[in-house]
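Residue-level structure breakdown
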Amino acid sequence: MQEVKQKKDWSLNTDAFHNLLKWIDEGSDSGGQKYMEMRQRLVAYFDRKNCLNPDDLADETLNRVARRLEEEGKIETETPAKYCYITAKFVFLENVRASKKEGLPLDDFLRTEKSKEFAVEQTDEKETKEKRLDCLDKCTGKLETEKRDLIVRYYFGEERVKIENRRSLAESLGISMNALTIRACRIRDKLEICVKNCVG
């Protein structure tokens, strides 16, 4: 699935993040507790929508809210929770459009067995998935060692584990999270093309 990208290459910085925390706290100081609660509620929202990457979409939602706070200084039209859900709805719709445009996402291959169970599959669907997985293995094997290691580590784990793993990966490569995401997307795009051609 094509990950929803932030507009205008904006990235979350320390000041923007602190402003977001203060705004969610609504004048109190929860020590980041309200932020974590809001994030978990957003993750649950995207999970209920059967999104393959609920954690990423929750983070994107909060990043967009932080971006607007930075641009406008304040958001007084809605409560923090309501505004976050309104933003989440737009992020979800964009994600759906991207999914339809890109076809079967690479994320679907890379998720672990603990991922959400799909509706009852027919035999031909299972065979198709097995063929795609086989093609993914072949296409991944064609990558340079460095790129193969990067893409595997980038999609390893779930929820907080995946986020922390990506931060650690970016640090080990000496690049920013944005730069890491761009590298991963480029590799993923090549893999998706390879897999589609392999499946035929």
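What you see is a predicted model; the values in this text were computed from it and never measured.

1. A look at the overall build of the protein chain
When helices and strands are tallied, the protein chain shows nine helices and zero strands. Its helices and strands taken in sequence order, the protein chain reads α-α-α-α-α-α-α-α-α from the N to the C terminus. Counting contacts in the protein chain only where the partners sit at least 6 residues apart, residues at least 24 apart contribute 68% of the total. Carbon together with sulfur atoms contributes 50% to the accessible area of the protein chain, which is approximately 12,300 Å² in total.

2. Structural notes on the packing of helix 2 (residues 33-48) against helix 3 (residues 54-72)
At a minimum axis separation of 8 Å, helix 2 and helix 3 run at an interaxial angle of 125°. The orientation of helix 2 relative to helix 3 falls into the category oblique. The crossing of helix 2 and helix 3 is right-handed. Along the contact surface, helix 2 presents Y35, M38, R39, L42, V43, F46 and D47, while helix 3 presents P54, D55, L57, A58, D59, T61 and L62. In terms of residue class, the contact of helix 2 with helix 3 is made up of nine nonpolar, one polar and four charged.

3. Section: unusual backbone geometry
Peptide bonds are mostly trans, and most non-glycine residues show a negative phi. Even without being a glycine, N50 presents a positive backbone phi close to 65°. Tracing the backbone through its elements, the reader meets N50 in the loop between helix 2 and helix 3. With relative accessibility at 55%, the residue N50 sits in the exposed group.

4. Some remarks on the environment of I151
Inspection of the secondary structure assignment puts I151 in helix 7 (residues 145-154). Sequence-wise, I151 and R186 are 35 residues apart; in three dimensions their C-alpha atoms are separated by 9.8 Å. In this view, I151 contacts L143, A184, I187, R188 and L191; residues no more than four positions away in its chain are not counted.

Parameters at a glance
- Residues numbered from 1 in each chain as written.
- Predicted model: local features only at pLDDT ≥ 70, side-chain atom pairs only at ≥ 80, totals over all residues.
- Heavy atoms only, no water.
- Helix = DSSP H or I, 4+ residues; strand = E, 2+ residues; numbered from the N terminus.
- Contact = heavy atoms within 4.5 Å.
- Areas by Shrake-Rupley, 256 points an atom, 1.4 Å probe, with all protein chains shown as cover.
- Axes fitted to C-alpha atoms, helices over the stretch in contact; angles between N-to-C directions.
- Parallel < 35°, antiparallel > 145°, perpendicular 65-115°, else oblique.
- Left-handed = near helix turned anticlockwise from the far one by under 90°.
- Nonpolar A, V, L, I, M, F, W, Y, C, P; charged D, E, K, R; others polar.
- Buried < 20%, exposed > 50% of the residue type's maximum accessible area, 1.4 Å probe, protein only.

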